[in-house]
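Remarks on the overall topology
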Amino acid sequence: MRTLWMIVLLMLTSSTFAADAADYAREKKWADEVVPGVVVGDPIYLEQPNGHKFLTLYTPAKDARAALVIVHGMGIHPDWGLIGVLRSQLPDRGYTTLSVQMPVLDNAAKAAAYTATLPEAAQRLKLAVDFLKAKGYANIGFVSHSMGSRMSYEYLSARPDPAVKAWVAIGIPIRADYRKVNMPVLDLYGQNDLPDVLNNAAARKATLQGKPGSEQMQVARADHFFTDMDSQLVDIVATYLNQQFK
(Lines give C-alpha, C1' and ligand atoms only; values in the text may rest on other atoms or scores of the structure.)
Protein backbone atom coordinates (compact mmCIF):
# COMPACT_ATOMS: atom_id res chain seq x y z
CA MET A 1 0.00 0.00 0.00
CA ARG A 2 2.84 2.37 0.89
CA THR A 3 4.42 1.72 -2.51
CA LEU A 4 1.12 2.46 -4.24
CA TRP A 5 0.78 5.81 -2.45
CA MET A 6 4.34 6.71 -3.40
CA ILE A 7 3.55 6.01 -7.05
CA VAL A 8 0.37 8.11 -6.88
CA LEU A 9 2.27 10.97 -5.24
CA LEU A 10 4.97 10.81 -7.91
CA MET A 11 2.37 10.92 -10.66
CA LEU A 12 0.62 13.92 -9.11
CA THR A 13 3.90 15.75 -8.62
CA SER A 14 5.01 15.04 -12.18
CA SER A 15 1.71 16.19 -13.67
CA THR A 16 1.78 19.39 -11.62
CA PHE A 17 5.31 20.15 -12.78
CA ALA A 18 4.37 19.46 -16.39
CA ALA A 19 1.39 21.79 -16.13
CA ASP A 20 3.47 24.60 -14.64
CA ALA A 21 6.62 24.20 -16.72
CA ALA A 22 7.46 26.67 -19.46
CA ASP A 23 6.28 25.53 -22.88
CA TYR A 24 9.58 25.10 -24.74
CA ALA A 25 7.84 23.77 -27.84
CA ARG A 26 5.80 26.97 -28.07
CA GLU A 27 8.99 29.00 -27.62
CA LYS A 28 10.51 27.16 -30.56
CA LYS A 29 7.48 27.97 -32.69
CA TRP A 30 7.87 31.63 -31.81
CA ALA A 31 11.59 31.51 -32.63
CA ASP A 32 10.94 29.78 -35.96
CA GLU A 33 8.49 32.54 -36.82
CA VAL A 34 10.51 35.50 -35.52
CA VAL A 35 14.11 34.79 -36.52
CA PRO A 36 13.65 34.71 -40.33
CA GLY A 37 12.00 38.13 -40.20
CA VAL A 38 14.57 39.90 -38.02
CA VAL A 39 15.89 42.97 -39.85
CA VAL A 40 17.24 44.99 -36.94
CA GLY A 41 19.61 43.21 -34.57
CA ASP A 42 20.92 39.66 -34.33
CA PRO A 43 19.34 36.51 -32.90
CA ILE A 44 21.43 35.18 -30.00
CA TYR A 45 20.60 32.06 -28.00
CA LEU A 46 21.48 31.95 -24.30
CA GLU A 47 21.60 28.68 -22.37
CA GLN A 48 20.04 27.93 -19.01
CA PRO A 49 21.61 25.51 -16.50
CA ASN A 50 19.06 22.88 -17.55
CA GLY A 51 20.40 23.02 -21.10
CA HIS A 52 17.45 24.88 -22.61
CA LYS A 53 18.49 27.58 -25.08
CA PHE A 54 16.21 30.62 -25.35
CA LEU A 55 16.12 33.32 -28.00
CA THR A 56 17.28 36.89 -27.49
CA LEU A 57 17.54 39.71 -30.03
CA TYR A 58 20.71 41.76 -29.61
CA THR A 59 20.99 45.23 -31.16
CA PRO A 60 24.16 47.17 -30.31
CA ALA A 61 24.27 50.95 -30.48
CA LYS A 62 27.37 52.93 -31.37
CA ASP A 63 28.85 54.70 -28.33
CA ALA A 64 25.96 53.46 -26.23
CA ARG A 65 24.99 55.28 -23.04
CA ALA A 66 23.96 51.92 -21.57
CA ALA A 67 22.56 48.52 -22.48
CA LEU A 68 18.91 47.62 -21.91
CA VAL A 69 17.24 44.30 -21.17
CA ILE A 70 13.85 44.41 -22.93
CA VAL A 71 11.21 42.14 -21.38
CA HIS A 72 7.94 41.25 -23.14
CA GLY A 73 4.54 40.34 -21.71
CA MET A 74 2.53 37.15 -21.30
CA GLY A 75 2.71 34.42 -23.91
CA ILE A 76 4.41 36.37 -26.70
CA HIS A 77 7.92 36.87 -28.11
CA PRO A 78 10.84 39.36 -28.02
CA ASP A 79 9.90 41.18 -31.24
CA TRP A 80 6.17 41.55 -30.57
CA GLY A 81 4.28 44.84 -30.79
CA LEU A 82 5.59 47.63 -28.58
CA ILE A 83 8.50 45.41 -27.49
CA GLY A 84 9.65 45.20 -31.10
CA VAL A 85 9.35 48.98 -31.36
CA LEU A 86 11.38 49.59 -28.20
CA ARG A 87 14.10 47.06 -28.94
CA SER A 88 14.62 48.34 -32.49
CA GLN A 89 14.25 52.10 -31.94
CA LEU A 90 16.04 52.66 -28.65
CA PRO A 91 19.41 51.88 -30.30
CA ASP A 92 18.82 55.01 -32.41
CA ARG A 93 18.62 56.90 -29.11
CA GLY A 94 21.98 55.56 -27.95
CA TYR A 95 20.98 52.36 -26.13
CA THR A 96 22.05 48.83 -26.94
CA THR A 97 19.12 46.44 -26.48
CA LEU A 98 18.79 42.76 -25.65
CA SER A 99 15.19 41.59 -26.01
CA VAL A 100 14.68 38.31 -24.17
CA GLN A 101 12.30 35.42 -24.82
CA MET A 102 10.59 34.91 -21.47
CA PRO A 103 8.89 31.68 -20.36
CA VAL A 104 5.53 31.08 -22.02
CA LEU A 105 2.73 28.68 -21.22
CA ASP A 106 -0.04 27.17 -23.29
CA ASN A 107 -2.11 29.75 -25.15
CA ALA A 108 -5.09 29.08 -22.86
CA ALA A 109 -3.12 29.70 -19.64
CA LYS A 110 -4.33 32.50 -17.38
CA ALA A 111 -2.07 35.13 -15.83
CA ALA A 112 -2.16 33.43 -12.43
CA ALA A 113 -0.56 30.32 -13.91
CA TYR A 114 2.54 32.33 -14.80
CA THR A 115 3.47 32.58 -11.12
CA ALA A 116 5.06 29.15 -11.51
CA THR A 117 7.39 30.50 -14.22
CA LEU A 118 8.81 33.37 -12.15
CA PRO A 119 11.93 31.54 -10.90
CA GLU A 120 12.88 30.58 -14.46
CA ALA A 121 12.10 34.11 -15.64
CA ALA A 122 14.48 35.56 -13.05
CA GLN A 123 17.13 33.07 -14.13
CA ARG A 124 16.85 34.17 -17.76
CA LEU A 125 17.09 37.83 -16.79
CA LYS A 126 20.26 37.14 -14.85
CA LEU A 127 21.73 35.40 -17.89
CA ALA A 128 20.77 38.39 -20.03
CA VAL A 129 22.57 40.76 -17.65
CA ASP A 130 25.60 38.45 -17.62
CA PHE A 131 25.65 38.48 -21.42
CA LEU A 132 25.62 42.28 -21.56
CA LYS A 133 28.33 42.55 -18.92
CA ALA A 134 30.46 40.14 -20.93
CA LYS A 135 30.03 42.51 -23.88
CA GLY A 136 31.61 45.24 -21.76
CA TYR A 137 28.53 47.13 -20.56
CA ALA A 138 28.93 48.45 -17.02
CA ASN A 139 25.61 50.34 -17.06
CA ILE A 140 22.45 48.32 -17.66
CA GLY A 141 18.76 49.19 -17.51
CA PHE A 142 15.51 47.25 -17.77
CA VAL A 143 12.52 48.15 -19.93
CA SER A 144 9.61 45.78 -19.40
CA HIS A 145 5.92 45.48 -20.22
CA SER A 146 2.94 43.85 -18.52
CA MET A 147 3.77 40.30 -17.32
CA GLY A 148 7.35 41.10 -18.29
CA SER A 149 7.28 43.83 -15.64
CA ARG A 150 6.00 41.28 -13.12
CA MET A 151 8.86 38.96 -14.11
CA SER A 152 11.38 41.80 -13.92
CA TYR A 153 10.16 42.62 -10.41
CA GLU A 154 10.91 39.04 -9.39
CA TYR A 155 14.55 39.53 -10.40
CA LEU A 156 15.03 43.20 -9.48
CA SER A 157 13.49 42.96 -6.01
CA ALA A 158 15.84 40.13 -5.06
CA ARG A 159 19.59 40.52 -5.57
CA PRO A 160 20.12 41.92 -9.06
CA ASP A 161 23.57 42.61 -10.42
CA PRO A 162 24.83 46.06 -9.30
CA ALA A 163 25.32 46.94 -12.98
CA VAL A 164 21.52 47.28 -13.29
CA LYS A 165 20.89 50.94 -12.52
CA ALA A 166 17.43 51.88 -13.84
CA TRP A 167 14.07 50.31 -14.63
CA VAL A 168 11.15 51.42 -16.78
CA ALA A 169 8.16 49.29 -15.74
CA ILE A 170 5.38 49.66 -18.31
CA GLY A 171 1.88 48.49 -17.41
CA ILE A 172 2.88 46.41 -14.40
CA PRO A 173 -0.27 44.57 -13.29
CA ILE A 174 0.62 44.00 -9.63
CA ARG A 175 0.90 46.03 -6.44
CA ALA A 176 4.68 46.21 -6.68
CA ASP A 177 6.59 47.52 -3.67
CA TYR A 178 9.33 49.59 -5.29
CA ARG A 179 11.05 50.05 -1.94
CA LYS A 180 12.40 46.55 -2.53
CA VAL A 181 14.06 47.66 -5.79
CA ASN A 182 17.46 49.28 -5.30
CA MET A 183 17.42 51.55 -8.36
CA PRO A 184 15.42 54.43 -9.89
CA VAL A 185 12.08 53.36 -11.37
CA LEU A 186 9.69 54.88 -13.89
CA ASP A 187 6.25 53.37 -13.34
CA LEU A 188 4.60 54.05 -16.71
CA TYR A 189 1.03 53.23 -17.67
CA GLY A 190 -1.85 54.39 -19.83
CA GLN A 191 -4.97 56.29 -18.93
CA ASN A 192 -6.98 53.43 -20.45
CA ASP A 193 -4.81 50.63 -19.12
CA LEU A 194 -5.97 47.27 -17.76
CA PRO A 195 -7.97 47.28 -14.48
CA ASP A 196 -5.21 45.61 -12.46
CA VAL A 197 -2.70 48.21 -13.62
CA LEU A 198 -5.02 51.13 -12.81
CA ASN A 199 -6.36 49.78 -9.53
CA ASN A 200 -2.88 49.27 -8.09
CA ALA A 201 -1.40 52.54 -9.37
CA ALA A 202 -1.87 54.53 -6.17
CA ALA A 203 -0.30 51.80 -4.04
CA ARG A 204 2.69 51.59 -6.39
CA LYS A 205 3.12 55.36 -6.37
CA ALA A 206 3.22 55.41 -2.59
CA THR A 207 6.25 53.12 -2.60
CA LEU A 208 8.10 55.51 -4.94
CA GLN A 209 7.97 58.36 -2.43
CA GLY A 210 11.47 59.47 -1.42
CA LYS A 211 13.09 57.18 -3.98
CA PRO A 212 15.67 59.27 -5.89
CA GLY A 213 15.17 59.48 -9.64
CA SER A 214 11.85 57.65 -9.50
CA GLU A 215 8.42 58.72 -10.70
CA GLN A 216 5.07 57.49 -11.90
CA MET A 217 3.60 58.68 -15.19
CA GLN A 218 0.14 58.14 -16.63
CA VAL A 219 -0.05 58.77 -20.38
CA ALA A 220 -3.28 60.36 -21.57
CA ARG A 221 -5.42 58.26 -23.93
CA ALA A 222 -2.93 55.37 -23.93
CA ASP A 223 -4.15 51.80 -23.57
CA HIS A 224 -2.16 48.84 -22.20
CA PHE A 225 -0.30 48.41 -25.49
CA PHE A 226 0.19 52.10 -26.30
CA THR A 227 -1.65 51.49 -29.56
CA ASP A 228 -0.76 54.06 -32.26
CA MET A 229 1.57 55.79 -29.79
CA ASP A 230 4.92 54.22 -30.67
CA SER A 231 6.82 57.49 -31.08
CA GLN A 232 5.49 58.93 -27.84
CA LEU A 233 6.35 55.75 -25.95
CA VAL A 234 9.92 55.69 -27.25
CA ASP A 235 10.31 59.41 -26.45
CA ILE A 236 9.12 58.92 -22.86
CA VAL A 237 11.34 55.91 -22.23
CA ALA A 238 14.43 57.49 -23.82
CA THR A 239 13.95 60.77 -21.99
CA TYR A 240 13.73 59.02 -18.63
CA LEU A 241 16.75 56.82 -19.33
CA ASN A 242 18.79 59.84 -20.44
CA GLN A 243 18.24 61.30 -16.97
CA GLN A 244 19.59 58.12 -15.37
CA PHE A 245 22.51 57.46 -17.73
CA LYS A 246 24.09 60.91 -18.17
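Refer to the structure above for everything that follows.
We now turn to the structure provided with this report. (Residues numbered from 1 in each chain as written. Predicted model: local features only at pLDDT ≥ 70, side-chain atom pairs only at ≥ 80, totals over all residues. Heavy atoms only, no water.)

Before going further, it helps to spend a moment on the pattern of salt bridges. Within this structure, the stated rule accounts for 10 salt bridges. The partner of Asp32 in a salt bridge is Lys28, with the nearest N and O atoms 2.8 Å apart. With Asp32 and Lys28 both in helix 2 (residues 24–34) and 4 residues apart, this pair spans about one turn of that helix. Relative accessible area serves as the criterion here: at 46%, Asp32 is assigned to the partly exposed category. On the basis of relative accessible area, Lys28 is assigned to the exposed category, the value being 52%. Across the pair Lys133 and Asp161 runs a salt bridge whose closest N-O atoms are separated by 2.8 Å. Of this pair, Lys133 sits in helix 4 (residues 118–134) while Asp161 sits in the loop between helix 5 (147–156) and strand 6 (164–170), placing them 28 residues apart in sequence. (Salt bridge = Lys/Arg side-chain N within 4 Å of Asp/Glu carboxyl O. Helix = DSSP H or I, 4+ residues; strand = E, 2+ residues; numbered from the N terminus. Buried < 20%, exposed > 50% of the residue type's maximum accessible area, 1.4 Å probe, protein only.)

Turning next to the sheet that holds strand 4 (residues 95–100). Remark on secondary structure: sheet strands pair via backbone hydrogen bonds, oriented parallel or antiparallel. If you trace the 8 strands from one edge of the open sheet to the other, you get 1-2-4-3-5-6-7-8, paired in mixed fashion. The open sheet terminates on both sides in strands that have one partner only, identified here as strand 1 (42–47) and strand 8 (215–223). Taken pair by pair, the neighbouring strands of this sheet meet at an average axis angle of 20°, ignoring direction. Bridge analysis of strand 2 (residues 53–59) against strand 4 gives 4 bridges, and the strand direction is antiparallel. Each bridged residue has a counterpart across the sheet, and for Thr56 the counterpart in strand 4 is Val100. In the packing of helix 8 (residues 230–244) onto the sheet, the strands contacted are strand 3 (66–71), strand 4, strand 5 (140–145), strand 6, strand 7 (185–192) and strand 8, and the crossing angle to strand 6 comes to about 155°. (Pairing = 2+ DSSP bridges. Axes fitted to C-alpha atoms, helices over the stretch in contact; angles between N-to-C directions. Contact = heavy atoms within 4.5 Å.)

The next thing to look at is helix 3 (residues 81–89). Of all 9 residues making up helix 3, 7 are buried, and the element is well covered by its neighbours. Listing the buried residues of helix 3 in full gives Leu82, Ile83, Gly84, Val85, Leu86, Arg87 and Ser88. Next to the buried residues of helix 3 lie strand 2, strand 3, strand 4, strand 5, strand 6 and helix 8.

Roughly 310 Å³ of internal volume is contained in the largest pocket. Forming the walls of the largest pocket are 15 residues, and the residues nearest its centre are Met74, Ala111, Ser146, Met147 and Leu194. Residues that form the lining of the largest pocket fall into these classes: 9 nonpolar, 4 polar and 2 charged. (1 Å grid on protein atoms, 1.4 Å probe; cavity = no way out; pocket = protein on both sides within 12 Å on 5 of 7 lines; lining within 4 Å. Points joined across faces, edges and corners; volume = space filled by probe spheres on them. Nonpolar A, V, L, I, M, F, W, Y, C, P; charged D, E, K, R; others polar.)

Where helix 3 contacts helix 8, the axes come no closer than 10 Å and their chain directions differ by 55°. By the angle between their axes, helix 3 is oblique relative to helix 8. For helix 3 against helix 8, the interelement crossing comes out right-handed. In contact with Leu82, Val85, Leu86 and Gln89 of helix 3, helix 8 contributes Asp230, Leu233, Val234 and Val237. Grouping the amino acids of the contact of helix 3 with helix 8 by side-chain chemistry returns 6 nonpolar, 1 polar and 1 charged. (Parallel < 35°, antiparallel > 145°, perpendicular 65-115°, else oblique. Left-handed = near helix turned anticlockwise from the far one by under 90°.)

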